[in-house]
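Architecture and fold: a report
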Amino acid sequence: MRTAAVLLLAACAGARADSSSAFLPDGGPLRNDSESALAIVRRHCGPCHHSDLPDHKPEAVAVFDTTRADWHLPMTPEQLKKAPGRLRASDLEQRLFGEWVKAELERREAR
Ligand code: HEC
């Protein structure tokens, strides 16, 4: 399972993100907020983490499911910290997603 994920992520790393990766599905600009973080994982973490796709992996959906607006809530802080390392996306997406993860971890600590 882990090997398959590594192989697929390695294959994705070769593909360059096009300019549409700077935008939300509704055309708005990508930011470092949770709506943008969801757009980024929906774009890059399928089909494994998309429970609405036939090729999803139950173990992956158990960690986070991109069909849920609150997709990141079931994740532990350790899992959140690992997430940017699994992302292979444009520099902009990498930066915004990293910023969102950092802020989300701070929000959790403040709770
Ligand atoms: C090829 C399928 C696949 C893709 C694509 C994929 N994942 Fe996963 N992911 C899995 C599976 C299966 C698991 C559960 C087993 C494991 O921990 O590796 C998992 C687990 C995880 C975990 C939990 C790791 C832990 O130690 O508990 C994180 C975090 C994660 N994925 C992040 C991501 C992110 C972020 C993306 C997109 C950038 C992504 N994954 C894309 C299959 C995938």
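Residues numbered from 1 in each chain as written. Predicted model: local features only at pLDDT ≥ 70, side-chain atom pairs only at ≥ 80, totals over all residues.

Details of the overall build of the protein
When you go through the protein residue by residue, the secondary structure sums to five helices and zero strands. When the helices and strands of the protein are placed in sequence order, the string is α-α-α-α-α. Put simply, the protein has 111 residues, and 21% of those count as buried. When contacts within the protein are restricted to residue pairs at least 6 apart in sequence, those whose partners lie at least 24 apart make up 47%. (Helix = DSSP H or I, 4+ residues; strand = E, 2+ residues; numbered from the N terminus. Buried ≥ 20, exposed ≤ 12 C-beta atoms within 10 Å, placed from the backbone. Contact = placed C-beta atoms within 7 Å.)

Describing the nonpolar core
Formed by 16 residues in total, the largest nonpolar core has its most connected members in Ala 37, Leu 38, Ile 40, Val 41, Phe 97 and Trp 100. Not counting residues within four places of it along the chain, the set of residues in contact with Trp 100 comprises Asn 32, Asp 33, Ser 34, Ser 36 and Ala 37. (Core = buried A, V, L, I, M, F, W, Y, C linked by C-beta atoms within 7 Å.)

Describing the environment of Phe 64
Inspection of the secondary structure assignment puts Phe 64 in the loop between helix H3 (58–63) and helix H4 (77–86). You can call Phe 64 buried: it has 21 C-beta atoms within 10 Å. Taking the C-alpha atoms as reference points, Phe 64 and Gln 79, separated by 15 residues in sequence, lie 9.6 Å from one another. Excluding its chain neighbours within four sequence positions, the residues that come into contact with Phe 64 are His 49, Trp 71, His 72, Pro 74 and Met 75.

Let's talk about the confidence of the model for the protein
Here the protein shows a mean pLDDT of 88. Residues at 70 or above account for 83%. For the stretch residues 13–17, pLDDT sits under 50, and the model shows four contacts to residues farther than four places along the chain or on other chains. (pLDDT = per-residue confidence, 0-100.)

Considerations on helix H5 (residues 91–110)
Between its first and last C-alpha atoms H5 spans 29 Å; for 20 residues at 1.5 Å apiece the expected length is 28 Å, and the two agree. Among the residues making up H5, those that are buried are Glu 93, Leu 96, Phe 97, Trp 100 and Val 101. For H5, the buried positions fall inside an angular range of 140 degrees around the axis, keeping them on one side. More than 90 degrees from the buried face of H5, the exposed residues found are Asp 91, Glu 106, Glu 109 and Ala 110. Elements that come into contact with the buried residues of H5 comprise helix H2 (34–44) and H4. (Expected span 1.5 Å × (residues − 1). Arc of directions from axis to C-beta.)

A look at the environment of Thr 66
Among the secondary structure elements, Thr 66 is positioned in the loop between H3 and H4. According to the C-beta neighbour criterion, Thr 66 is buried, with 26 such atoms within 10 Å. Sequence separation between Thr 66 and Ser 51 is 15 residues; the distance between their C-alpha atoms is 7.3 Å. Contact partners of Thr 66, with chain neighbours within four places excluded, come to Leu 38, Val 41, Arg 42, Cys 45, His 49, His 50 and Trp 71.

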